[in-house]
Amino acid sequence: MGDEPVFAIDGVSQRMMKSLVLEELNNNPNNNQTLVDLGKQNINKLNLDDFEIKRVLGVGGFGKVFQVKKLEGSDKGKIYAMKVLKKAVIVRNKETKTLDREINLHAKLERDVLEAVKHPFIVQLIYAFQAANKVYLILEYLSGGELFMQLQKERMLMEDTAIFYLSQIVLALEHLHTNGIIYRDLKPENIMLDREGHVKLTDFGCVKESASDEINYTFCGTVEYMAPEILNRSGHGKEVDWWSLGILVHDMLVGSPPFTGNNRKIITERVLKGKLQLKKYLTPDAKDILTKLLKLKIENRLGFGPEDAKGIKSHRFFSAVKWDDVINRRTEPPFKPVLRSEDDFSNFDEVFTMKPPFDSPPGSISDSVSELFIGFSYGGSPQPNGEMS
Ligand code: F76
């Protein structure tokens, strides 16, 4: 990964676009001249009327996820997940201005990354469109549920079960890093399972381009999973994902993350101290990879530098793994989601699925903010899996 922009949308680099967005928000909210036309032909290809909203699936910091059914086209009747993100809230004063800018960028980044990235273990973006103050992402519906639920049920996983999931996560992270993207939010809640029981990473609202440092994402991530260099703001790169992987290995094999506490402050202190006490029942290979992934010093951490995932994939902990079988989904899932129908949602939390399925009405938004999302719409061209109109 060099210093150059690592992926481009319609020929315009991600970084260029981001700086234009920032410039626009910072300096001149009424000046549309600096914006790049990213291809107006894609606008309004699809809208909310093309989908029937069936139920709420989840609520997060930046938006809501609904289960929807496509009403027309070659994929008529197909079930998708629809993520609705707020484009912006009306700027009132200096304080909220910062927050608005981040919400804008989160929505845009999530969509851009999902469009740019295609991988068997990363959730697939099918369509994207916008209306008024909302951004809509139509994603493949992941009927297998959160890995988190499976972890809660089992408390901890057998080592080979954990290795099944971890090997797929390693490949997904490696792919993101190769494309210059740092995931930054690896945690069980973001790891979902498809209908066969294979892993899909979701929620790309916290990603960061590896060469850029323009934005401060203060409210990204869960402290238990956050690398020390994020917590002490000493500057961070792709190695933060390998730290989080270490936390996940521990969480899976022990039933809790290695650094815990009653509040953020205590957890942060424990992470920064980095005193790792490993349970006796862990295998020597597990202990060894945990020690190497959970190194405070970035340079000493497994996965550091240009080798990235290589050192992790060749570690003894993964010695039974045939990486070629993993990427081709030839490994047997330890848990197969039990589905009664294509839109079965029994693997999900009732708190969400019982909510009435309403999307709040679109409010008004200034033209200048709307302009930032020119070229946002996505979809309509055939996907490799041939599922789209
Ligand atoms: N498919 C699902 C299929 C069934 C049930 C839920 C599904 C979800 C889902 O919503 O999971 C919960 C969730 O992710 N909620 C959530 C997380 C983050 C935000 S945020 O944008 O505000 N940070 C919002 C809500 C999903 C997840 C979305 C990806 C498509 C597959 C999917």
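Here's what I pulled together on the structure shown here. (Residues numbered from 1 in each chain as written. Predicted model: local features only at pLDDT ≥ 70, side-chain atom pairs only at ≥ 80, totals over all residues. Heavy atoms only, no water.)

## Let's talk about the overall build of the protein chain
To be explicit about the condition: To qualify as a helix, a DSSP run of H or I must reach at least 4 residues; to qualify as a strand, a run of E must reach at least 2; elements of each kind are numbered from the N terminus. Residue exposure (1.4 Å probe, protein chains only): buried if accessible area is under 20% of the type maximum, exposed if over 50%, otherwise partly exposed. Contacts are assigned to residue pairs that have any heavy atoms within 4.5 Å of one another. The Shrake-Rupley method, run with a 1.4 Å probe sphere, supplies the accessible areas, and residue values consider only the shown protein chains as cover.
Check the secondary structure of the protein chain and you find twelve helices and eleven strands. The buried share of the protein chain, taken over its 389 residues, is 51%. A fraction of 70% describes how many contacts in the protein chain between residues 6 or more apart in sequence connect residues 24 or more apart. Taken as a whole, the protein chain presents about 18100 Å² of accessible surface, with 50% of it coming from carbon and sulfur.

## Some remarks on the sheet that holds strand β6 (residues 125-131)
In plain terms, the rule: Paired strands, as defined in this entry, are two strands with at least two bridges between them according to DSSP. Between N-to-C directions, angles span 0 to 180 degrees; the directions come from axes that are lines fitted to C-alpha atoms, helices contributing only their stretch in contact.
Here we have five strands laid out as an open sheet, ordered β3-β4-β5-β7-β6, and antiparallel in their pairing. Both outer strands of the open sheet, β3 (51-59) and β6, are each paired with one neighbouring strand and no more. Strand-to-strand twist in this sheet, taken as the mean axis angle between neighbours without regard to direction, amounts to 25°. Two elements, strand β5 (residues 79-86) and strand β7 (residues 134-140), share seven bridges in a ladder whose sense is antiparallel.

## So, the nonpolar core
Heads up, the condition is: The definition of a nonpolar core used throughout is a set of buried Ala, Val, Leu, Ile, Met, Phe, Trp, Tyr and Cys residues joined through side-chain atoms within 4.5 Å. Start and end points for every domain follow an automatic or database-based domain assignment.
With 76 residues, the main nonpolar core has L201, F204, L245 and F318 as its most contacted residues. Top contributing element to this core by residue count: helix α4 (residues 159-178), with eleven residues. Each of two domains, domain 1 (14-142 + 346-379) and domain 2 (145-327), supplies a minimum of three residues to this core. With near-sequence residues (within four places) excluded, L245 lies in contact with L166, I169, V170, L173, L186, L293 and I312. Listed in part, the 13 residues of the second largest apolar core include V56, I126, F129 and Y136.

## Looking at the environment of Q130
Along the chain, Q130 falls in strand β6. C-alpha of Q130 to C-alpha of K86: the two residues are 44 residues apart in sequence and 9.9 Å apart in space.

## A look at the packing of α4 against helix α6 (residues 239-254)
The relative placement of two packed helices comes down to the angle between their axes together with the axis-to-axis distance. What counts here: Note that the term roughly parallel is reserved for angles under 35 degrees, roughly antiparallel for angles over 145, roughly perpendicular for angles of 65 to 115, and oblique for everything else. Helix crossings get a hand from a simple test, with the near helix turned counterclockwise from the far one by less than a right angle marking a left-handed crossing and a clockwise turn marking a right-handed one. Amino acids outside the nonpolar list (Ala, Val, Leu, Ile, Met, Phe, Trp, Tyr, Cys, Pro) and the charged list (Asp, Glu, Lys, Arg) are all regarded as polar, and Gly is one of them.
Running from N to C, α4 and α6 cross one another at 165°; their axes reach a closest spacing of 10 Å. One element, α4, and the other, α6, form an angle in the roughly antiparallel class. When the axes of α4 and α6 are compared, the crossing they make is right-handed. Of the residues in α6, those in contact with E159, A162, Y165, L166, I169, V170, L173, E174 and H177 of α4 are D241, W242, L245, L248, V249, M252 and L253. Class assignment for the residues of the contact of α4 with α6 results in twelve nonpolar, one polar and three charged.

## Describing the pairing of β3
Two strands pair when backbone bridges link them, and β3 and strand β4 (residues 63-70) are joined in this way by seven bridges, in the antiparallel orientation. Residue pairing across strands places E52 opposite K69, the latter belonging to β4.

## Details of unusual backbone geometry
Although it is not a glycine, R184 adopts a positive phi angle of roughly 70°. If you trace the backbone, R184 turns up in the loop between β8 (181-182) and β9 (191-193).

## So, the pattern of salt bridges
Where we set the bar: Only one rule defines a salt bridge in this text: a Lys or Arg side-chain nitrogen within 4 Å of an Asp or Glu carboxyl oxygen.
Considering all chains together, one arrives at 19 salt bridges under this definition. For K313, the salt bridge goes to E174, with nearest N and O atoms at 3.0 Å. Of the two residues, K313 sits in helix α9 (residues 310-313) while E174 sits in helix α4, which places them 139 residues apart along the sequence. Taking the relative accessible area as the measure of exposure, K313 reaches 21% and is therefore partly exposed.

## Points about the side chain of Q168
With respect to the secondary-structure elements, Q168 resides in helix α4. Sequence-distant contacts of Q168, defined by excluding residues within four places in its chain, comprise F121, H198, V199, V326 and T331.

## Remarks on the pairing of β7
Buried residues dominate β7, accounting for seven of its seven residues. In terms of strand pairing, β6 meets β7 through six bridges, oriented antiparallel. Bridging from a neighbouring strand, L125 pairs with L139 of β7. Where β6 hands over to β7, the hairpin turn is made up of two residues, of which A132 adopts a positive phi near 45°.

## Thoughts on the packing of aromatic side chains
Short version of the rule: Any two of the Phe, Tyr and Trp rings considered here, Trp counted by its six-membered ring, make a pair once their centres fall within 6.5 Å; the pair's planes then place it as stacked at under 30 degrees, edge-to-face at over 60, or tilted in between. In this analysis the charged atom, NZ for Lys or CZ for Arg, is taken to sit over a ring once it is within 6 Å of the ring centre and within 35 degrees of the ring normal.
Evaluated as defined, the whole model comprises nine aromatic pairs. Plain terms: the ring middles of F317 and F318 are 5.1 Å apart, the flat faces sit at 80° to each other, and that makes the pair edge-to-face. Judged by its relative accessible area of 2%, F318 is buried. Among the aromatic side chains, those forming a connected cluster through ring pairs are F51, Y80, Y127, F129 and Y136. Its end group placed over the ring of W323, K313 keeps NZ or CZ at 5.6 Å from the ring centre.

## Observations regarding the environment of K310
Position of K310 relative to the elements: it lies in helix α9. Under the relative-accessibility criterion, K310 is labelled exposed at 52%. Between the C-alpha atom of K310 and that of V170, which follows or precedes it by 140 residues, the distance is 9.8 Å.

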